[in-house]
Each structure stands twice: as C-alpha cells, then as structure tokens.
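Chain residues, written in single-letter form:
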Amino acid sequence: MGRVGRFILKVAAVLILIVSAGTFALSLFTGETRNGDNLQSEVDYLITVGISQSGEESSWKDANTASFMDTLVKSNGYEAVYADAGSDQEKQIEDVEGFIKQGVDYIILNPVSEIGWDDVLEDAKKAHIPVILVNNGVDTDDSSLYSCMLGSDYGKQMKKAGKWLDEYLKEEDEKKEEKEKAASEAPTQEESEQTDSEDTEVNTGSSTAKDETDSTEEEQTEEDITIKIAAIQESIGSEEQLTRAQGYQTMLEKYSDWEMVAQQTGDNSREEAEKVMKLFLEQEPDLRVVFAESDEMALGAIDAIGKSGKTCGEDGDIIVIAFGGSKAGIEAVKEGKLNVTFECNPGQGPKAAELIQRLESDISIDKEQYVEETYFDGTMDLDEIIENRTY
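Visitor: Would you mind going over the pattern of salt bridges with me for this structure?
Guide: Counted under the stated rule, the structure contains 12 salt bridges. With its nearest N and O atoms 2.9 Å apart, the salt bridge here joins Arg270 to Asp303. Linking Arg270 in helix α11 (residues 270-283) with Asp303 in helix α12 (residues 295-308), this pair joins segments that are 33 residues apart in sequence. What makes Arg270 partly exposed here is its relative accessible area of 30%. Two residues, Lys337 and Glu335, come together in a salt bridge whose shortest N-O distance is 3.5 Å. Residue Lys337 is classed as partly exposed on the basis of its relative accessible area of 40%. Accessibility expressed as a relative area gives 54% for Glu335, which makes it exposed.

Okay, here's the thing in structure tokens:
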C-alpha cells in the first residue's frame, strides 16, 4: 500500500481518535504549517516521521539521533518529529502514542526495553503507521506489528572478530619463530668460547639431556597451545549480549585451541569493567585475550591490565578486542593500547530513509536490516578517521 492509500486509511483511523481528542480535528485538515509537537499538513507532501530515541546518555546515541535528524529533513522530502524518552519506557510509550495521534506517516523507535510494546504497536498498526525498530528489537509474538528492525549485525561482527583474532595469532607465531630462529643462528661470545672438555661433558649425558629437553618442550607445547579468552559483556539478557554469546560459542567450535575461561558483565561502564578485568587477571594469570563488548569497557580493561603490571595491545601480554568503533576506541588503537575495535555504526539515517522509500513504493523489505560497518586496527592510517569522528 503506497502513501495515498495508506493516507486514506490513516485519515479514517485518525477520525476515530478525533472523537476522543477533538482538539486535533481542525489542525489535521487545515493547510497550515505547525510547529513544536505538531506537524506540517499532508498537502505539502512531506513524509512525516516520528523518531523516539531511548535516551541521550552517550555520544553514540547523540550521533545516532543526529544521523536521523540530518537525513530526514524537508529538503529530502521529510519532516521529522523527535522525542527523547530519557531511558523511561512509560514516557517513550506516551511519545509513540503522541506520534499516532498526530498522524505521522512512519515511526522510528529505539525501544528502552524489549517488553511491553504490543498495545502501542497494535495502535500504530490500526492507524496504518509502519514502525521501524532501530538498535533493539521487541519481545512480541506478532512480528506484523513492525516493518523491520534496523541495526548492527552482531553475528557478522563476531565472525569478523574471530577471523581477525585467528590471523593475528598466526602472525604472532610467525614473528616468534623468526625471533627464535635468528637467536639460534647468532650464538653469544660466551657460547663460542666453550671448551672441548665442556663439549665432552655435554656429550656424555647427551641422551639423558635430550630426553629431558624433549619432555619439557612437549609439556610446554601442551600448555601453550590453549588460548585463554575472557569476555566483559553488555547487560545480561540484552539482544547484543545474547547474540555475542552465541558468537563466542561458534568461535570455540571453530578454533579448538581457544578456551573461554571467564565471562561477566561490565554494565557498559569503564569503572565496572576495570573491576571485572582485575578479577579476571587474579583468577586467570595466563589470560591471553579479552573481548570487551563496548569501547568504554575496553578502556576499563586496559586500565586494569596496566595496573597489574602486564601489557596489552600490539606485542603486549594480552590482546584486547572491542566493539564500538568510537573516537576514544580508535584513539586507543592508534596509541597501541587496544588491538582492534569493530564498528557499531550509529549512522542509520540514510538506511532508514531508503527503507521508507521502499515502503512508499510498496516494495517488500526483510525483517532484519543492517548498516554497513567496518573495523579499525593498528595496520591502518587512523588520523583522518579520528579527526572526522563525531562520537
């Protein structure tokens, strides 16, 4: 159903609402331009979009909101109405109900919580207003209540992260072998001045010494072959945390010498992540890799590693892998403290506009939609990326 057909159905639905909200009647059918919480008239042919953001507690959310507001502008054929829920689900539900009463054409919803949305989404459906979820899904048995869910492909990120780590570990092994080879081919002066009598003494017990050496190397190989991994997680039960948990399991099945030895939430806090990492290091002194499910938590892990006397980053004792791609995270990569950060792209505005245009043209869309994302590591020139980063 295109814009005209949907508009006719929507007018009928709005007329029902007018019975209980008579103050809306005059403003809906006038040709006036309205400001504040009201919208521009349908006769201006702007596609009106209500944007409900879950909160503005981070620079990532700020960048996410800016992407929508910068894209859905009048020059592009849109009028956006914005509401910040302030992490309050009751307020967010009221905001969405307000969008429905105003008669918007589309609703973009970043839900505070996954539960409790069936009633208001049913109201939007009855009013023939498509809802595009962003960043977080909703827990409902009726998927027809929303058009699609737009966000990061966490599963794809995990596959990329596993591949990146595998290649990095292989490069480390190659560097180690080259160093050992170079060291063995360059004997020290003391070694070159060994006497024949010392050689004879060594030869006398050569068989026993060789057996002991072989045994030791075998023991070391068995111990060194296991890559011990820990994860500082997002909020337990969130869609991101659950998807990443499944990704870790897939990694462990693919790479048999990797072992997950510890997992605990860092509550997306640098301070809490530092405490968690301190605990990991006390429990697992041979820890080799830590995944942090946000750049902020990665920075907390780096703080704890530094205070423990260990090193991290390139050629460090511990490999730190983050998810976020924020300016702070990329700066940590450039400084050599963080090995890599995989981007969670907040620039969803253009993709949302593309989806709206497809819906306007009655073109079917998949329920799951993703934005393009990349990663940043020490092999890249990061100066320009950092300079232009807004979050």
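Visitor: How should helix α10 (residues 239-254) be read in this particular structure?
Guide: Side chains that are three or four residues apart share a direction in an α-helix, a result of its 3.6 residues per turn. Here α10 contains 16 residues, and its C-alpha end-to-end distance of 23 Å stays within 8% of the 22 Å for a straight helix at 1.5 Å per residue. Buried residues of α10: Glu240, Gln241, Arg244, Gly247, Tyr248 and Met251, and no others. The arc that holds every buried residue of α10, seen down its axis, measures 120 degrees, which confines them to one face. Along α10, exposed side chains directed more than 90 degrees from the buried face belong to Gln246 and Glu253. Those residues of α10 that are buried are in contact with α6 (154-184), β6 (227-233), β7 (258-265), β8 (289-292) and β9 (319-324).

Visitor: Before we go on, may I ask you to explain the environment of Trp258 in this structure?
Guide: Examined against the element boundaries, Trp258 turns out to sit in strand β7. Taking the C-alpha atoms as reference points, Trp258 and Ile229, 29 residues apart in sequence, are found 7.1 Å from one another. The contacts of Trp258, once residues within four sequence positions are left out, are Gly162, Leu165, Asp166, Leu169, Ile227, Ile229, Met251 and Leu252.

Visitor: How do you make sense of the sheet that holds strand β3 (residues 106-109) when you look at a structure like this?
Guide: What links the strands of a sheet is backbone hydrogen bonding, and the strands pair in either a parallel or an antiparallel sense. The strand order β2-β1-β3-β4-β5-β11 describes an open sheet built from 6 strands, whose pairing is parallel. Strand pairing shows two members of the sheet lacking a second neighbour, β2 (78-84) and β11 (368-370), which therefore form its edges. Between one strand and the next, the sheet's axes are offset by a mean angle of 20 degrees, whatever the strand orientation. Relative to β2, strand β1 (residues 47-53) is paired through 7 bridges, and the arrangement is parallel. Across the sheet, residue Val49 finds its bridge partner in β2, namely Ala80. Relative to the sheet, helix α3 (residues 59-71) contacts β1, β2, β3 and β4 (131-134), its axis offset from that of β1 by approximately 175 degrees.

Visitor: Sorry if this is basic, but what is going on with the nonpolar core here?
Guide: As a rule of thumb, nonpolar side chains are buried together in soluble globular proteins. In this structure, Ile232, Met277, Phe280, Ile305, Ile318, Val320 and Leu338 are the most contacted members of the largest nonpolar core, which totals 29 residues. Here the element with the most residues in this core is α12; it accounts for 7 residues. Other than its neighbours up to four places away in sequence, Met277 contacts Ile232, Leu287, Val290, Ala301, Ala304, Ile305 and Ile318. Residues Met158, Met251, Phe323 and Phe342 belong to the second largest nonpolar core, which totals 21 residues.

Visitor: Help me understand helix α14 (residues 349-360) in this model?
Guide: Between its first and last C-alpha, α14 extends 16 Å over 12 residues, near the 16 Å set by a 1.5 Å rise per residue. For α14, the set of buried residues is Gly349, Ala352, Ala353, Leu355, Ile356, Leu359 and Glu360. One face of α14 carries all of its buried residues, which in axial projection span an arc of 160 degrees. Note on α14: the residue one or two positions beyond its end, Asp362, has a positive phi of about 60 degrees.

Visitor: Where do I start with the packing of aromatic side chains in this structure?
Guide: The final tally for this structure, using the stated rule, is 6 aromatic pairs. Seen in terms of ring centroids, Phe342 and Tyr375 are 5.3 Å apart; in terms of plane orientation they differ by 35 degrees. Their pairing is tilted. Of this pair, Phe342 sits in strand β10 (residues 340-343) while Tyr375 sits in strand β12 (residues 375-377), and the two are 33 residues apart along the sequence. Taking the relative accessible area as the measure of exposure, Phe342 reaches 1% and is therefore buried. Taken together, the ring pairs in this structure connect Tyr248, Phe291, Phe323, Phe342 and Tyr375 into an aromatic cluster. Above the face of the Phe323 ring, Arg244 is positioned so that its terminal group lies 3.9 Å from the ring centre. Stacked on the ring of Tyr146, the Lys or Arg Lys367 has its end atom at 4.4 Å from the ring centre.

Visitor: Sorry, what's going on with the environment of Arg270 here?
Guide: Along the backbone, Arg270 and Asp303 are 33 residues apart, and their C-alpha atoms lie at a distance of 8.8 Å. Of note is the side chain of Arg270, whose polar atom sits 2.9 Å from the side chain of Asp303.

Visitor: Where do I start with the side chain of Glu373 in this structure?
Guide: Mapping Glu373 onto the fold places it in the loop between β11 and β12. Buried charge Glu373 goes without a salt bridge, the closest partner of opposite sign being Lys160 at 6.9 Å. Looking at Glu373, its side chain comes within polar contact range of the side chain of Gln157, at 3.0 Å. When near neighbours in sequence (up to four residues on either side) are disregarded, Glu373 contacts Ser152, Asp153, Gln157, Lys160, Glu343, Cys344 and Asn345.

Visitor: Can you help me understand the side chain of Gln348 in this one?
Guide: Note that Gln348 resides in the loop between β10 and α14. Residue classification places Gln348 among the buried positions, given a relative accessible area of 0%. Not counting chain neighbours up to four residues away, the residues in contact with Gln348 comprise Trp60, Asn64, Ser67, Phe68, Val134, Asn135, Leu150, Gly151 and Val371.

Visitor: Looking at this structure, I do not really get the packing of α3 against α14. What am I missing?
Guide: For any two helices packed against each other, one specifies the inter-axial angle together with the distance between the axes. Packing of α3 against α14 leaves a shortest axis separation of 8 Å and a crossing angle of 50 degrees. One way to sum up the angle between α3 and α14 is to call them oblique. Side by side, α3 and α14 meet where Ser67, Phe68 and Thr71 of the first sit next to Gly349, Pro350, Ala352 and Ala353 of the second. Split by residue class, the contact of α3 with α14 holds 4 nonpolar, 3 polar and no charged.

Rules used in this analysis
Residues numbered from 1 in each chain as written. Predicted model: local features only at pLDDT ≥ 70, side-chain atom pairs only at ≥ 80, totals over all residues. Heavy atoms only, no water. Salt bridge = Lys/Arg side-chain N within 4 Å of Asp/Glu carboxyl O. Helix = DSSP H or I, 4+ residues; strand = E, 2+ residues; numbered from the N terminus. Buried < 20%, exposed > 50% of the residue type's maximum accessible area, 1.4 Å probe, protein only. Expected span 1.5 Å × (residues − 1). Arc of directions from axis to C-beta. Contact = heavy atoms within 4.5 Å. Pairing = 2+ DSSP bridges. Axes fitted to C-alpha atoms, helices over the stretch in contact; angles between N-to-C directions. Core = buried A, V, L, I, M, F, W, Y, C linked by side-chain atoms within 4.5 Å. Phe/Tyr/Trp six-rings, centres within 6.5 Å; stacked < 30°, edge-to-face > 60°. Lys NZ or Arg CZ within 6 Å of the ring centre and 35° of its normal. Polar contact = N/O pair within 3.5 Å; in protein donor to acceptor, adjacent residues only side chain to side chain. Lys, Arg positive; Asp, Glu negative; His and termini not counted. Parallel < 35°, antiparallel > 145°, perpendicular 65-115°, else oblique. Nonpolar A, V, L, I, M, F, W, Y, C, P; charged D, E, K, R; others polar.

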